[in-house]
Amino acid sequence: MATSRTLISSNLFIFFLVMATTNGQAPAPTPSGPTNITAILEKAGQFTLFIRLLKSTQASDQINTQLNSSSSNGLTVFAPTDNAFNSLKSGTLNSLSDQQKVQLVQFHVLPTLLTMPQFQTVSNPLRTQAGDGQNGKFPLNITSSGNQVNITTGVVSATVANSVYSDKQLAVYQVDQVLLPLAMFGSSAAPAPAPEKGGSVSKGSASGGDDGGDSTDSSDAERIGFGFGVRIATVAAIAAASSLWI
């Protein structure tokens, strides 16, 4: 009888010991989900307009698919802040076609992962998802001095403010300007031609008025009309004076 009690007590002790050990173990870590560019930007804040553009062009889906592909070489994303978008000229985005909006987003994405130290050794112009910078349409040049990284596109100059996110597949950097590619904004950003020697000449006067005279400004028109009126008045005065002598 005593042996039975001892055996039962031992079994109960072992049972409670196993239960206590099991309950005391830390839970297994939750597997990390697939990388999501919009979730990263939402967590960082101040990228609402860029997120909206990523979603409307479906570029976010393409980026996420590429990031979670086994053959991916990683990506680098330059994310303009809401202030950067708000500083654009009114109607800039609305003037773009759907395809151009896709290219604008792609111009902010490099098909390789670049860390901050690697910015000092890159070869310009960099290739973006929008196309090769060598053809002069989508050039993206980076200069680095110490911890400061500057980006030029031929239209705007931007500064990399800080690193938003980085892992083995993705690096996201905050930039203070929307990166406008030369292919879409180069003509509007080109400086006006210098005036010819002797002052500015309107298109109408330079071409002898063959284009219908629409390019002649109002001051020129007033001067031309005034001179013509003076000549008519002079002829009329001479005719009147002649009739008095007859």
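Quick caveat: nothing in here was measured; it's all calculated off a predicted structure.

1. Digging into the packing of aromatic side chains
Reasoning step 1: Tallied over the entire structure, the rule returns five aromatic pairs.
Reasoning step 2: Linked through ring pairs, Phe78, Phe119 and Tyr173 together constitute an aromatic cluster.

2. Digging into the sheet that holds strand β2 (residues 109-110)
Reasoning step 1: Across the sheet, which stays open at both edges, the six strands sit in the order β2-β1-β6-β5-β4-β3 with mixed pairing between neighbours. In this open sheet, the two edge strands, each paired with only one partner strand, are β2 and β3 (141-145).
Reasoning step 2: Two strands pair when backbone bridges link them, and β3 and strand β4 (residues 148-152) are joined in this way by five bridges, in the antiparallel orientation. For Ser144, the partnering residue across the bridge sits in β4 and is Val149.
Reasoning step 3: Here helix α2 (residues 37-44) sits on the sheet and contacts β1 (75-80), β5 (157-166) and β6 (170-175); the angle it forms with β6, its principal contact strand, is near 45°.

3. As for helix α3 (residues 48-56)
Reasoning step 1: Regarding α3, the residues found buried are Phe50, Ile51, Leu53 and Leu54. What you see down the axis of α3 is that its buried residues fit within an arc of 160°, all on one side. In α3, the exposed positions angled more than 90 degrees off the buried face are occupied by Arg52 and Ser56.
Reasoning step 2: Turning to α3, the residues buried within the fold contact α2, α4 (59-67), β1, α5 (82-86) and α6 (98-106).

4. Focus: the pattern of salt bridges
Reasoning step 1: As enumerated under the stated definition, the model contains one salt bridge in all.
Reasoning step 2: With a closest N to O distance of 3.5 Å, Glu42 and Lys55 form a salt bridge. On the criterion of sequence distance, the pair formed by Glu42 in helix α2 and Lys55 in helix α3 is long-range, its members being 13 residues apart.
Reasoning step 3: The exposure class assigned to Glu42 is partly exposed, which follows from its relative accessible area of 47%.

5. Thoughts on the environment of Asn83
Reasoning step 1: Along the polypeptide, Asn83 turns up in helix α5.
Reasoning step 2: Residue class for Asn83 comes out exposed when judged on its relative accessible area of 60%.
Reasoning step 3: Spatially, the C-alpha atom of Asn83 lies 9.5 Å from that of Val178, the residues being 95 residues apart in sequence.

6. So, the environment of Ser72
Reasoning step 1: As for its placement among the helices and strands, Ser72 is situated in the loop between α4 and β1.
Reasoning step 2: In this structure, the C-alpha to C-alpha distance between Ser72 and Gln169, residues 97 residues apart in sequence, is 7.7 Å.
Reasoning step 3: With near-sequence residues (within four places) excluded, Ser72 lies in contact with Gln66, Leu67 and Gln169.
Reasoning step 4: In terms of polar contacts, Ser72 uses its side chain to reach the backbone carbonyl oxygen of Gln66, at 3.2 Å.

7. Things to note about the confidence of the model for the protein
Reasoning step 1: For the protein, per-residue confidence averages 74 on the pLDDT scale, and 62% of positions sit at 70 or higher.
Reasoning step 2: The low-confidence segment residues 188-246 (pLDDT under 50) makes 13 contacts with residues lying over four places distant or belonging to another chain.

8. Quick look at the nonpolar core
Reasoning step 1: Core analysis: the largest hydrophobic core is formed by 28 residues, its most contacted members being Ile37, Leu41, Leu54 and Leu170.
Reasoning step 2: Looking at this core, the elements that each hand over two or more residues are α2, α3, α4, β1, α5, α6, β6 and α7 (182-189).
Reasoning step 3: In terms of residue count, the dominant contributor to this core is α3 (four residues).
Reasoning step 4: In contact with Ile37, not counting residues within four places along its chain, are Leu54, Ser60, Ile63, Asn64, Val77, Leu170 and Val172.
Reasoning step 5: Counting 18 residues, the second-largest nonpolar core is a separate cluster that includes Leu114, Phe119, Val160 and Val175.

Here is what the cut-offs are and how they apply
Residues numbered from 1 in each chain as written. Predicted model: local features only at pLDDT ≥ 70, side-chain atom pairs only at ≥ 80, totals over all residues. Heavy atoms only, no water. Phe/Tyr/Trp six-rings, centres within 6.5 Å; stacked < 30°, edge-to-face > 60°. Pairing = 2+ DSSP bridges. Helix = DSSP H or I, 4+ residues; strand = E, 2+ residues; numbered from the N terminus. Contact = heavy atoms within 4.5 Å. Axes fitted to C-alpha atoms, helices over the stretch in contact; angles between N-to-C directions. Buried < 20%, exposed > 50% of the residue type's maximum accessible area, 1.4 Å probe, protein only. Arc of directions from axis to C-beta. Salt bridge = Lys/Arg side-chain N within 4 Å of Asp/Glu carboxyl O. Polar contact = N/O pair within 3.5 Å; in protein donor to acceptor, adjacent residues only side chain to side chain. pLDDT = per-residue confidence, 0-100. Core = buried A, V, L, I, M, F, W, Y, C linked by side-chain atoms within 4.5 Å.

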